[in-house]
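Each chain, letter by letter, is given below.
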2 protein chains.
Amino acid sequence: MALTVVGSIAFDAVKTPFGERERMLGGSAVHFSLAASFFTDVRVVGPVGDDFGEAELAVLHDRGVDTADIERVAGGKTFFWRGHYDFDLNTAHTDDTQLNVFGDFAPKLSPESRDCDVLFLANIQPDLQREVRAQCQRARFVAMDSMNLWIETARDSLVDTIKGVDGLLLNDAELRQLTEQPNLVRAAREVMSWGPEIVVAKQGEYGAALFHGDEFFALPAYPLEDVVDPTGAGDSFAGGFVGYLAAQPDAGAGRDVLRRAMAHGTALASFNVSEFGTERVARLTDDEVRDRVDELHRLTTCAV
Amino acid sequence: MALTVVGSIAFDAVKTPFGERERMLGGSAVHFSLAASFFTDVRVVGPVGDDFGEAELAVLHDRGVDTADIERVAGGKTFFWRGHYDFDLNTAHTDDTQLNVFGDFAPKLSPESRDCDVLFLANIQPDLQREVRAQCQRARFVAMDSMNLWIETARDSLVDTIKGVDGLLLNDAELRQLTEQPNLVRAAREVMSWGPEIVVAKQGEYGAALFHGDEFFALPAYPLEDVVDPTGAGDSFAGGFVGYLAAQPDAGAGRDVLRRAMAHGTALASFNVSEFGTERVARLTDDEVRDRVDELHRLTTCAV
């Protein structure tokens, strides 16, 4: 079923203990789209500048992502982020952020994008998320991400947005910050009391935890000896999770479907972090995804 | 099969956002013993002072723990620890440590304690751990814990001790510190290259990860809305894990046995943290343990 994602499209400059890239394709909507493209048709909505070229578009096209709603702003420059990671790869250190065309982003969805079955609101200003959500009335499942910036500067708007979606995916520290609940179970319950039926706490190297009504499920991250660049891991997880759900007739409904979606998100995130930027996911195959999901199942099964 | 544990026996003063206790039974060997007592016969070895009374012994006796090798040092005082936790219950803040009789501890094992099948060396000075290990030649499985203090002040001795055991249980941050490997998989492999076949990374609220040859397994902590006092969680986990192994004919040998041991450790830790000190585990029943292990299995099973 058709999936639309709205979010950032970026150039990233990243340095980690294992290497660096001066300018590579990034952004939440890009990482999400590539991951979700393994499961369903994806349309990506976001702004770029004149500096965004055919090479970058080709990465998306090669995975079948529809880029018709990528808005090219004449005379503008694409969102740019520069950051580095030390040996503790859990913490991104931001060295430079240039919002550029992303600073004036007013999402314009084509009729085709608005007609989606599933909508993902990647991390953008929560008022904009709500506007997009209102344009997609036919969507039977809507999920979103956010970040500490909006919790700190636009909490009321963010909570309003959360009330209108079916699923919230957020870092666990941000879930606690948002709800002022130090206990993660209570934090997730608080969010569910606002409306969403599904809350996923992204926990970085520790994996992710799913809350769904009274149900709980958690998966560790896939154990990797070489984590090269964690940038985009959370967005790849979201793309695998929501993309897998979008491909099911009962997206968001069943416990087993949700657990399998967690495994697919975890698998996509594990490929994402094993090389820089989109490099690994861009050449990933369906077989590799399936094998890693099978391996995750084997690694986490406890025969009691 | 008979299990001997050597470690600290303490009085703890603990304050958390959910209450406080001015003086309660604690210590690594105590938390370990109580947890392990659900699975096998346990002998506890450690020093106490004149202030250690019948009420404290009764907690251990009520769980069937053999206390004949608890050494009462005349004129001495029991090891005392005072600490507090803020809303981030992952971090213990130490306010006072009085080693007292624990400072001069020279473990004396009776013939019965030396004749154990399984030995657990709780967190004590690594030279002492090695001395104890040498006294228990018949043990078919030996596991140990340690802490950052010994990594920083006695690393060579600690590594020597690790070389002589079958299993190392350590906080994940300490595993990285010990091996100077920021990647947890590499850290565990490094430790296994020294000798141990099993490495367990304890991850606090995120659960625990098991490395065993090329095998990997991870379990989240049991999701609790009320974590009251995390003191002793790691020792209770170790007691459940090692105690369960000690009760199996093939302790430490099989993948499925190790995974079930992880579930039992996780279950015991979850009870430990739900009240202060030993309070919850002291009145725990076999049925409650079994139900929680079943629940953990249900919570973590992903039907791919």
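Residues numbered from 1 in each chain as written. Chains lettered and ligands numbered in written order. Predicted model: local features only at pLDDT ≥ 70, side-chain atom pairs only at ≥ 80, totals over all residues. Heavy atoms only, no water.

Draft legend 1. Structural context of the overall build of chain A. Counting secondary structure elements, chain A contains twelve helices and 13 strands. The C-alpha radius of gyration of chain A comes to 18 Å, within 12% of the 19 Å expected for a compact globule of 304 residues. Principal axes of the C-alpha set define a box for chain A whose edges measure 60 × 40 × 35 Å. By the burial criterion, 60% of the 304 residues in chain A qualify as buried. Across chain A, every contact between residues at least 6 apart in sequence was considered, and the portion connecting residues at least 24 apart equals 63%. Surface accessibility of chain A: about 11400 Å² in total, with carbon and sulfur atoms responsible for 47%. With 28 positive and 49 negative side-chain charges, chain A shows a separation of 3 Å between the mean positions of the two kinds. (Helix = DSSP H or I, 4+ residues; strand = E, 2+ residues; numbered from the N terminus. Rg over C-alpha atoms; globule rule 2.2 N^0.38 Å. Buried < 20%, exposed > 50% of the residue type's maximum accessible area, 1.4 Å probe, protein only. Contact = heavy atoms within 4.5 Å. Areas by Shrake-Rupley, 256 points an atom, 1.4 Å probe, with all protein chains shown as cover. Lys, Arg positive; Asp, Glu negative; His and termini not counted. Charge placed at Lys NZ, Arg CZ, Asp CG, Glu CD.)

Draft legend 2. Structural view of the sheet that holds strand 2 (residues 10-16) of chain A. Residues and elements named next belong to chain A. Read from one edge to the other, the open sheet built from four strands follows the order 3-2-6-7, with strand pairing classed as mixed. Every other strand in the sheet has two partners, leaving strand 3 (19-26) and strand 7 (93-98) as the edge strands with one partner each. In this sheet, neighbouring strand axes are inclined to one another by 15° on average, regardless of whether the strands run parallel or antiparallel. Taken together, the five bridges between strand 6 (residues 79-84) and strand 7 define a ladder with antiparallel strand orientation. Within strand 7, the position partnered with His84 by the bridge is His93. (Pairing = 2+ DSSP bridges. Axes fitted to C-alpha atoms, helices over the stretch in contact; angles between N-to-C directions.)

Draft legend 3. Looking closely at the pairing of strand 8 (residues 118-121) of chain B. Residue and element names in this part refer to chain B. The side-chain alternation of strand 8 yields two buried faces, one formed by Val118 and Phe120 and the other by Leu119 and Leu121. Where strand 1 (residues 3-6) and strand 8 come together, four bridges link them in parallel fashion. In the strand pairing of strand 8, Val5 is matched with Phe120. In this fold, the crossover linking strand 8 to strand 9 (residues 141-144) by way of helix 4 (residues 126-135) has right-handed handedness. (Right-handed = clockwise from strand over helix to strand, strands pointing away.)

Draft legend 4. Looking closely at the packing of aromatic side chains. Residue and element names in this part refer to chain A. The tally for this structure, following the rule as stated, stands at 17 aromatic pairs over all chains. When the ring of Phe237 is compared with that of Phe241, the centres are 6.0 Å apart and the planes differ by 15°; the resulting orientation is stacked. You can see Phe237 and its partner Phe241 sitting in helix 9 (residues 233-246), four residues apart, about one turn around the helix. Assessed through its relative accessible area of 5%, Phe237 is described here as buried. For Phe241, a relative accessible area of 1% puts it in the buried group. (Phe/Tyr/Trp six-rings, centres within 6.5 Å; stacked < 30°, edge-to-face > 60°.)

Draft legend 5. View of the interface of chain A and chain B. Taken residue by residue, the interface counts 36 residues in chain A and 35 residues in chain B. Around 3500 Å² of area is buried between chain A and chain B when both sides are counted, 53% of it from carbon and sulfur atoms. In this assembly, chain A and chain B are joined by ten salt bridges. For B:Arg298, the salt bridge is made with A:Glu215, and the minimal N-O distance between the two is 3.8 Å. At the boundary of chain A and chain B, one finds 18 residue pairs in polar contact (both at pLDDT 80 or more). When residues of the side of chain A that touches chain B are traced back to their parent elements, those giving at least two are helix 7 (172-179), helix 8 (184-194), strand 13 (215-219), helix 10 (255-273) and helix 12 (286-300) of chain A. Of the residues forming the side of chain A that touches chain B, the biggest block, six residues, is contributed by helix 12 of chain A. In the side of chain A that touches chain B, the residues fall into 18 nonpolar, five polar and 13 charged. (Buried area = accessible area lost by both parts, 1.4 Å probe. Salt bridge = Lys/Arg side-chain N within 4 Å of Asp/Glu carboxyl O. Polar contact = N/O pair within 3.5 Å; in protein donor to acceptor, adjacent residues only side chain to side chain. Nonpolar A, V, L, I, M, F, W, Y, C, P; charged D, E, K, R; others polar.)

Draft legend 6. Highlighting the packing of helix 10 of chain A against helix 12 of chain A. All names here are of chain A. Running from N to C, helix 10 and helix 12 cross one another at 115°; their axes reach a closest spacing of 9 Å. Crossing handedness for the pair helix 10 and helix 12: right-handed. Only Glu288, Val289, Arg292, Val293 and Leu296 of helix 12 make contact with helix 10, whose side of the interface consists of Ala263, His264, Thr266, Ala267, Leu268, Ser270 and Phe271. Its residues assigned to classes, the contact of helix 10 with helix 12 comprises seven nonpolar, three polar and two charged. (Left-handed = near helix turned anticlockwise from the far one by under 90°.)

Draft legend 7. Local environment of the packing of helix 4 of chain B against helix 6 (residues 155-163) of chain B. Residues and elements named next belong to chain B. Following both chains from N to C, one finds helix 4 and helix 6 inclined at 25°, their axes separated by 8 Å at the closest point. What the angle tells us is that helix 4 and helix 6 run roughly parallel. Between helix 4 and helix 6 the crossing geometry is left-handed. In this structure, helix 4 uses Pro126, Asp127, Gln129 and Arg130 to contact helix 6, whose residues at the interface are Ser157, Leu158, Asp160 and Thr161. Here the residues of the contact of helix 4 with helix 6 sort into two nonpolar, three polar and three charged. (Parallel < 35°, antiparallel > 145°, perpendicular 65-115°, else oblique.)

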